[in-house]
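In case you want the letters, here they are:
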Amino acid sequence: MAITALTSRARDLVAILRWRTEFASAMARALIKRSVLGKVEFVGITGSAGKTTTKDLCAGILSGKGSVTKTQQSSNEPAMVANTVVATRPGDRYSVVEVSGGEPRAMNWPLRLFTPSIAVVTLIQREHARSDFGLEDIATEKFRLVQALPKDGIAILNIDDPLLLERGQHCRRKVIWVGRSEGATLRLLECQSKWPQPLTLKVKYKGEDHTVVTALHGEQLALSVLCALAVGVAAGMELPDAIKSLRKLEPSEGRMQVVAGRDDVTFLRDDWKAPLWSLDSPMKFMRDAKAPRKVMVIGTLSDYSRSASKLYPQVAERALEIADQVIFVGPNAYRATKKANGDQLKRLHGFAELRQASLYLREVLRPGDLVLLKGSSRADHLVRLILDRESPIACWESRCGKSQFCTQCKRAYDFSNPATIHSDALSAASDALPLIPNVQGRIALLGLGNPGGKYQLTRHNAGHFALDTLAQEQGMVWEQISLGQVSEGVIQGVQVMLVKPDAAINHSGEVIRRMLGAEELASAAVVIHDDMDLEHGTVKVCRGGGDGGHLGVRSIIGAYGTQDFQRIRLGVRPQGDDSKSRRLVHQRLSNQELQQLTAAFSSGLQQLLNQLQRHEASLVVDAGA
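Residues numbered from 1 in each chain as written. Predicted model: local features only at pLDDT ≥ 70, side-chain atom pairs only at ≥ 80, totals over all residues. Heavy atoms only, no water.

A. Representation of the pairing of strand E13 (residues 325-329). Most of E13 is tucked away, with five of its five residues classed as buried. Every second residue of E13 is oriented toward a common face, with Gln325, Ile327 and Val329 on one face and Val326 and Phe328 on the other, all of them buried. In terms of strand pairing, strand E12 (residues 293-298) meets E13 through four bridges, oriented parallel. Each bridged residue has a counterpart across the sheet, and for Met296 the counterpart in E13 is Val326. Chirality of the crossover, the property in question, places the unit of E12, helix H10 (residues 308-320) and E13 among those that are right-handed. Where E13 lies against strand E14 (residues 348-351), four bridges are found, and the strand directions are parallel. (Buried < 20%, exposed > 50% of the residue type's maximum accessible area, 1.4 Å probe, protein only. Helix = DSSP H or I, 4+ residues; strand = E, 2+ residues; numbered from the N terminus. Pairing = 2+ DSSP bridges. Right-handed = clockwise from strand over helix to strand, strands pointing away.)

B. Geometry of the packing of aromatic side chains. Under the criterion given, the structure shown has six aromatic pairs. The interplanar angle of 40° and the centroid separation of 5.5 Å between the aromatic rings of Phe351 and Tyr360 together place this pair among those described as tilted. Residue classification places Phe351 among the buried residues on the basis of a relative accessible area of 7%. Among the residues examined, Tyr360 registers a relative accessible area of 10% and is labelled buried. In textbook terms, an aromatic cluster arises when at least three aromatic residues are bridged by ring pairs, as seen for Tyr304, Tyr312 and Phe328. (Phe/Tyr/Trp six-rings, centres within 6.5 Å; stacked < 30°, edge-to-face > 60°.)

C. Region of interest: helix H3 (residues 78-87). For H3, every residue scored as buried is listed here: Pro78, Val81, Ala82, Thr84 and Val85. In a view along the axis of H3, the buried residues occupy a sector of 160°, so they form one face of it. (Arc of directions from axis to C-beta.)

D. Local environment of the pairing of strand E20 (residues 525-535). Along E20, nine of the 11 residues are buried, which leaves the element largely enclosed by surrounding structure. With four bridges connecting them, strand E16 (residues 443-447) and E20 associate as parallel partners. Across the sheet, the residue bridging to Gly447 is Ile528, located in E20. As judged from the seven bridges shared by E20 and strand E22 (residues 566-573), these two strands associate in the parallel manner. Across the sheet, Val526 pairs through a bridge with Gln566, a residue of E22.

E. Examining the environment of Lys454 more closely. With respect to the helices, strands and loops of the structure, Lys454 is situated in the loop between E16 and helix H15 (462-474). A relative accessible area of 60% means that Lys454 is categorised as exposed. Taking C-alpha positions, Lys454 is 9.0 Å from His586, a pair spaced 132 residues apart along the chain.

F. Seen up close, the packing of helix H16 (residues 508-516) against helix H18 (residues 551-560). Two numbers describe how H16 lies on H18: the axes approach to 7 Å, and their chain directions differ by 55°. Overall, the two elements H16 and H18 adopt an arrangement that is oblique. Considering the relative orientation of H16 and H18, their crossing is right-handed. Counting all contacts with H16, which are made through Ser508, Gly509, Glu510, Ile512, Arg513 and Leu516, the residues of H18 involved are Ser555, Ile556, Ala559 and Tyr560. Tallied by class, residues from the contact of H16 with H18 come to five nonpolar, three polar and two charged. (Axes fitted to C-alpha atoms, helices over the stretch in contact; angles between N-to-C directions. Parallel < 35°, antiparallel > 145°, perpendicular 65-115°, else oblique. Left-handed = near helix turned anticlockwise from the far one by under 90°. Contact = heavy atoms within 4.5 Å. Nonpolar A, V, L, I, M, F, W, Y, C, P; charged D, E, K, R; others polar.)

G. The environment of Val494, seen in detail. Inspection of the secondary structure puts Val494 in strand E19 (residues 494-501). Taking C-alpha positions, Val494 is 8.3 Å from Leu612, a pair spaced 118 residues apart along the chain.

H. View of the nonpolar core. Grouped together as the largest cluster of nonpolar side chains are 77 residues, with contacts concentrated most on Ile156, Leu229 and Phe328. A total of 11 residues in this core trace back to one element, the largest contributor, which is helix H7 (residues 222-234). The contacts of Leu229, once residues within four sequence positions are left out, are Ile61, Leu186, Val212, Leu239, Ala242, Ile243 and Leu246. Of all hydrophobic cores here, the second largest spans 34 residues; its members include Leu37, Val81, Val121 and Ile124. (Core = buried A, V, L, I, M, F, W, Y, C linked by side-chain atoms within 4.5 Å.)

I. View of the sheet that holds E12. If you trace the six strands from one edge of the open sheet to the other, you get E10-E11-E15-E12-E13-E14, paired in mixed fashion. Looking at which strands have only one partner, the edges of the open sheet turn out to be strand E10 (257-260) and E14. Across this sheet, the average inter-strand angle for adjacent strands is 20°, counted without regard to direction. Together, E12, E13 and E14 form the strand contacts of H10, whose direction differs from that of E13 by roughly 155°.

J. Structural context of the side chain of Arg255. You can see Arg255 is positioned in the loop between helix H8 (239-246) and E10. Although Arg255 is buried, it makes no salt bridge; Glu98 carries the closest opposite charge, 5.4 Å away. A polar contact of 2.2 Å, which involves the side chain of Arg255, links it to the side chain of Ser74. Each residue touching Arg255, except ones within four places of it in the same chain, is listed here: Thr52, Thr53, Ser74, Leu221, Arg269, Asp270, Trp272 and Phe405. (Lys, Arg positive; Asp, Glu negative; His and termini not counted. Salt bridge = Lys/Arg side-chain N within 4 Å of Asp/Glu carboxyl O. Polar contact = N/O pair within 3.5 Å; in protein donor to acceptor, adjacent residues only side chain to side chain.)

K. The arrangement of the sheet that holds strand E18 (residues 484-491) in detail. Spatial ordering of the open sheet is given by E17-E18-E19-E16-E20-E22-E21, a layout of seven strands whose pairing is mixed. Edge positions in the open sheet fall to strand E17 (479-481) and strand E21 (539-543), since each of these has one partner strand only. Strand-to-strand twist in this sheet, taken as the mean axis angle between neighbours without regard to direction, amounts to 30°. Sheet strands touched by H15: E16, E18, E19, E20 and E22. Its angle to E19, the strand with the most contacts, is close to 135°.

L. Expanded view of the pattern of salt bridges. The final tally for this structure, using the stated rule, is 23 salt bridges. Across the pair Asp56 and Lys70 runs a salt bridge whose closest N-O atoms are separated by 3.0 Å. Of the two residues, Asp56 is situated in helix H2 (residues 51-62) and Lys70 in strand E2 (residues 68-70); the sequence distance between them amounts to 14 residues. Residue class for Asp56 comes out buried when judged on its relative accessible area of 19%. Salt-bridge contacts for Lys374 lead to Asp270; the nearest nitrogen and oxygen are separated by 2.9 Å. Highlighted residues: Lys374 in strand E15 (residues 369-374) and Asp270 in strand E11 (residues 266-270), separated in sequence by 104 residues. When its relative accessible area of 10% is taken as the criterion, Asp270 is described as buried. Put simply, Lys55, Asp56 and Lys70 are held in one network by salt bridges that share partners.

Written as structure tokens, this is what we have:
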């Protein structure tokens, strides 16, 4: 056990050293490159929202004055800033750099790598609801970009943000104020974006009114438009010329980006991130839009202080006031739908797995539909709903952790990856007949695990191993059926059905629902799974509760919309090992550990059978057992 813990710590240390080496290398290359970029003017852009759109619009406008290098996508962390500096060419006129600045000392390294001649701060919002780094701290850190300007540098600030107004009024550099408030250098007078018409602004500059027609959608992008036009003015362009350059610029990927499908369904991608405070604008856009039917797909929300159980139903209620169909996707989808009733049940749907949402949308979307995708790229990757309609994709992984969009990921169409399910037998229909007929008095023991020889006898496959051992002891024979393996027998007078879903463990929910049907989970089934919170060799039999971070259990909760089902939780964490779960789940068990696991499962199963016998086949077990 001690050797295992030491090995895990060594791996963690190697990972940290590798990251530090890569970081140091990026910084060194950027510092060397910076020495030959003396003629390049740097435009630094920060803020709590709108950075990427502002950056892309700025680069588009400035390209009319010369060659431009810009930050790729939303790569605004220090190492990515270094990569942007390295990518900048000595012959470039401008380098437009997006910088985060949302954490303590976040500006330290970026400001060593470049000195901005133009600095933009869009607005200040709390980056993380539960963070101790408050609004004042965020404003102070981001404003360091302005303080780094040379004496002839120009700051572009949002006059409508009180934290920026306060700091800008004491700034010793030239400031171009943008916003609606009186006193703005570039003042927004009117703003309208009603689908299918694009975002159109009326602005005042030096006493003259100007109409700005864009190729963008959503009033929330107006601030980015103003900032980009101000950058053009700061760079010496006439405002009409900057407006003309902006008219043809497309939105940044995943920021109110319109994607027209070949079947006349229009998707509106706002799927880069989804803090709670960012919901208002796209909801307003959908409310004002003119479309035959409106559909909203909502993924994982972030940065909220309320409990998820209260928040998601409230968001669902707001969405139902606007859209004809509302679909929630992810681990909290069941929370969004649990209070629905009446007509809402026909219009509100929740899917733990994105693949199921994709199958459902195939059935219900019609020509002319306007579909908003609002979620987090890192958590949801909702763009797969679009990709799969054009050409079936391979990867339906939940929370892969990659911050890039799936449009740039090779795994999207990599059908050799065993971590995803490709069964054509899956159906989005909730009323499909179960593959395993219901039998009165029989219980189903569901063992969770990953199919395939490479995962056998690993900690994450404890559920599979437990059932394999039980079947061998009882002389029960496995039978292969669609979507899994089953074996039926009688144990201590109780009729049981052993079930191993033939799907990746993190995608078990909908497969189990298809195998057992919509009702049997709560009334006559027991889920057997590994538990990294319990020491190896221990067992806990309980009913209800959360998923404890187990994505397979989370998938089941999402598929059935309830936590009310029986579990046998098998401890698999090595004694004294505090490694992260992801480093342990695919670790193979020793012979001694397999024996301990068998004993623990036998004990848990006996507890369950004793309860059944005492309570006439009832599955109700005290949650504290």
